[in-house]
Amino acid sequence: MPWTSRIDRRWLLGWLIVCALGAALIVRVDIAMRRADFQAEARQAHRVLSQAAARLDAVLATVALLAPPGGEEAADGAEQRLPALYPQLLAAWRRDAGQPWPEGALVPGAGPQELDQAELRSRAQPATGRHPVLAGLDPARAQYTLVLADHGASFALRVDARRLAPAGEWPWANSTTVRATLGVGSQTLVLDAGAPAPERPFGVTDGFEARLPLASQSQPFVLHVQRFVGPAEWPWPVLGAWTLLSALLAWAAWRWHASRRERERVAALARMAQVSRLNTLGELAAGVAHELNQPLTAMLAGTQAALRVLRDEADADGAVADARPAMAALDLAAAQARRAADVVARLRRLVQPQPAATGAQPVDLGAVARRLLDLLEPELARLDIVAVVEGDAPPALGDPVAAEQILHNLLTNALQALEGSVREPRHLTVRLGTRETRVACEVRDNGPGVAPADLPRLFEPFFTTRPGGLGLGLPLCQSLALAMDGRLEVQAIEPHGTTFTLELPLAAAAGGGDTPPR
Amino acid sequence: MNPVSPLIHLVDDDAAVREALALLLGTVGLRVQAWGDPRQFLDGFDRRSIGAIVLDVRMPGLSGLTVIDLLREQGSDLPVVVLTGHGTVEMCRRAFKSGAAEFLEKPIDDERLLEAVHNAVRTHVLSREREAAGREARERYATLSPREREVLALVVEGLTNKEVGRSLGMSPRTVETHRANLSHKLQVSTLAQLIRGYAALVDEDRAP
């Protein structure tokens, strides 16, 4: 279990990182797109306002041009009808030379002095291209007055800045997130109040901003537009879809990976089983050969002893005739014993494992043990076994396939021992270390252990404590270990459990492959 | 030859093999002492006996090859005939390197085993005799006077009496007397015997 959960956690973490990065990218792109939109809108607003300002200049110039020079009757002039035509105009006045400004023209911020000064400044300009002058800014209501001085009379317009732009052309007519102001000097007219609090959305962006001076000499306003962008405006549906999609992809990838791992695991186990079968066959032949060879040796020697006795007696007594059939029979027996021995020898040579076919090379026993535990993971989980690899050791010198075979056998043995254990928790420990010039790898379980009487016989061929066992696994491991100039030992753990120790020469100590004398 | 017939130590963990081989060796008049446990053998066998050891390689507890090494460490001069059920080149090499006299695969034909054992016994008897002869020669050599040793050294080098006399500043007649004395003391009658038996001792005496 500790192995899977670790892997799964890694996958989860990976997905979270990918998902977050993707989401950040989506938000970034979205903001960049909306910034571009905003800039376009700001330019549109600027154009609309500039045109509106120019229109006011034109209106004033036209009124001044058309106004009849002097005369009281002109008080009800054309300028009085302007507010009805232009919604942005609140009022229009005319002042003839020497006359005071009409009462209505005197609004807060636009007293007689201000109007006079504006008129003077307007008049100070050359006659051609003379343009109106700004006066009487009212930030509270967003209104201002334009004053144009003409030959005799002067004209003034009271303008509502909020209605400067024609309704259909203002880009943010329905928006509440944009704050738009017109500034001149230190004074500011608010066109759109926008969002109340400019909250910083987690430092993602300060929002969008544009400062554009209006193309108007009479109304030298700077258009200042701001839009605050917060998490509320993030593309949540897209983000949600992305999260879902990435989760789905991650899950699919994980499933694919897990199934591939499972396939690899099965293949590796099958490969190991195949090697094991071949090795076991060799061990079986060697075991059979040994078991048969001993009686055959005794048979042959006994028969030949009898033959010699008979032959000696025959020589001495000349009683050849009596002994001849017995001697012939014994000769036959000896020949058959030899024949049987030949068969055994041929069988053994046939399946003899090629010693160190791959050659001795550095083997990291810790890595081998970890890989094997990984392969056995489902079994460990099923049997509820806690498996750990402890310690560390430099590489050993040996045949990697043989070393893997030995450890696999030892681990499987431990698993089988633990399967029969009622004691919980079940522990399987692989401990690595060095002993003089050797690498030691202990495989330890807290299973029921081995009976003391059985302990010295564990490495005997055909000795087994398991019903159905062949009794060749451990002898095979020992043969493999010996072939690598290593050794395999077993120890009982008090009060229960077993430790198998595989020792192999250190790769560094062996130098040029020379085996140290024992 | 030794009055007592040689004793063969047979070490094999398999009782049947032990018995059969003992029977076989017995047919040619060899005395056999069989051991089932290599450790008991190492602890209990008679080191002064004349004979040989027949040793199985594959035994639980202590391998035959280890037993040979231990025997050599303990200074035993008994020749060892090694038996194995399954001989590899490597095992053979190790056995001979450790000083095995012969390496045989089981099952063994009587002729080969008996020949190997006989050879081993013969070698052992010879080496014991040589050892004994060497010991006696040494004892005799020790009885020589310094002058006689000088004369002997020159004689062994092949000098004539005259040359020896010139070399040692004595008359050939005196040399002759010394030669007669030392030949008597060393119990040799010919120059050939003298050289064969004592040239090595003379060299050994002068070397340090």
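Right above here is the structure, for reference.
Residues numbered from 1 in each chain as written. Chains lettered and ligands numbered in written order. Predicted model: local features only at pLDDT ≥ 70, side-chain atom pairs only at ≥ 80, totals over all residues. Heavy atoms only, no water.

With that out of the way, let us pick up the overall build of chain B. In terms of regular secondary structure, chain B is built from nine helices and five strands. Ordered by position from the N terminus, the helices and strands of chain B form the series β-α-β-α-β-α-β-α-β-α-α-α-α-α. Looking at chain B as a whole, 43% of its 208 residues qualify as buried. Across chain B, every contact between residues at least 6 apart in sequence was considered, and the portion connecting residues at least 24 apart equals 64%. In the form shown here, chain B has an accessible surface area of approximately 11,000 Å², with 52% of it arising from carbon and sulfur atoms. (Helix = DSSP H or I, 4+ residues; strand = E, 2+ residues; numbered from the N terminus. Buried < 20%, exposed > 50% of the residue type's maximum accessible area, 1.4 Å probe, protein only. Contact = heavy atoms within 4.5 Å. Areas by Shrake-Rupley, 256 points an atom, 1.4 Å probe, with all protein chains shown as cover.)

Chain B puts 23 residues into the contact, and the matching count from chain A is 19 residues. Between chain B and chain A, the buried area comes to about 1,800 Å², and carbon and sulfur atoms account for 53% of it. Among the residues of chain B in contact with chain A, B:Arg58, B:His86 and B:Pro107 are the three that bury the most area, contributing 30% of the side total. Counting across the chain B and chain A interface gives three salt bridges. In this structure, the connection of chain B to chain A is made through seven residue pairs in polar contact (both at pLDDT 80 or more). Every element with two or more residues in the side of chain B that touches chain A is listed here: helix H1 (15-26) and helix H5 (110-142) of chain B. The greatest single-element share of the side of chain B that touches chain A, amounting to six residues, is contributed by H1(B). Class assignment of the residues belonging to the side of chain B that touches chain A gives a composition of 10 nonpolar, three polar and 10 charged. (Buried area = accessible area lost by both parts, 1.4 Å probe. Salt bridge = Lys/Arg side-chain N within 4 Å of Asp/Glu carboxyl O. Polar contact = N/O pair within 3.5 Å; in protein donor to acceptor, adjacent residues only side chain to side chain. Nonpolar A, V, L, I, M, F, W, Y, C, P; charged D, E, K, R; others polar.)

For sheets, the rule is that strands pair by backbone hydrogen bonds, running either parallel or antiparallel. Residue and element names in this part refer to chain A. Pairing is mixed in the open sheet, where five strands are placed in the order S10-S12-S13-S15-S14. Edge positions in the sheet fall to strand S10 (385-391) and strand S14 (487-492), since each of these pairs with one other strand and no more. Strand-to-strand twist in this sheet, taken as the mean axis angle between neighbours without regard to direction, amounts to 15°. Bridge count for strand S12 (residues 426-435) against strand S13 (residues 438-445) is eight bridges, and the pairing is antiparallel. Paired with threonine 429 across the two strands is arginine 444, which belongs to S13. Packing of helix H6 (residues 365-375) onto the sheet brings it into contact with S10, S12, S13 and strand S15 (498-505), and relative to S12 it is tilted by some 165°. Of the strands in this sheet, S14 and S15 touch helix H9 (residues 473-483), which is tilted by about 135° from S14. (Pairing = 2+ DSSP bridges. Axes fitted to C-alpha atoms, helices over the stretch in contact; angles between N-to-C directions.)

Moving on to a nonpolar patch on the surface. Residue and element names in this part refer to chain A. Taken together, the side chains of Leu13, Ile17 and Leu21 make up a nonpolar region of the molecular surface, amounting to roughly 310 Å² of accessible area. Positionally, leucine 21 belongs in helix H1 (residues 2-66). Leucine 21 sits in the exposed class, given a relative accessible area of 59%. (Patch = residues over 30% accessible without salt bridge, like charges linked within 9 Å, V, L, I, M, F, W, Y side chains within 5 Å.)

Residues and elements named next belong to chain A. Taken as a whole and judged by the stated rule, the model has eight aromatic pairs over all chains. Considering the side-chain rings of tryptophan 170 and tryptophan 172, the 5.5 Å spacing of their centres and the 85° angle between planes classify their relative orientation as edge-to-face. Three or more aromatic residues joined by ring pairs form one cluster here, namely Phe38, Trp170, Trp172 and Phe208. (Phe/Tyr/Trp six-rings, centres within 6.5 Å; stacked < 30°, edge-to-face > 60°.)

So, on to the nonpolar core. Residues and elements named next belong to chain A. Core analysis: the largest hydrophobic core is formed by 48 residues, its most contacted members being Leu49, Tyr144, Leu157, Leu182 and Phe221. Element by element, the count of residues in this core is highest for H1, at 14 residues. Setting aside residues up to four positions removed in sequence, leucine 157 forms contacts with Leu56, Val59, Leu60, Leu82, Leu89, Ala91, Ala92, Trp93, Tyr144, Thr145 and Leu146. Of all hydrophobic cores here, the second largest spans 47 residues; its members include Leu376, Ile406, Phe463 and Phe500. (Core = buried A, V, L, I, M, F, W, Y, C linked by side-chain atoms within 4.5 Å.)

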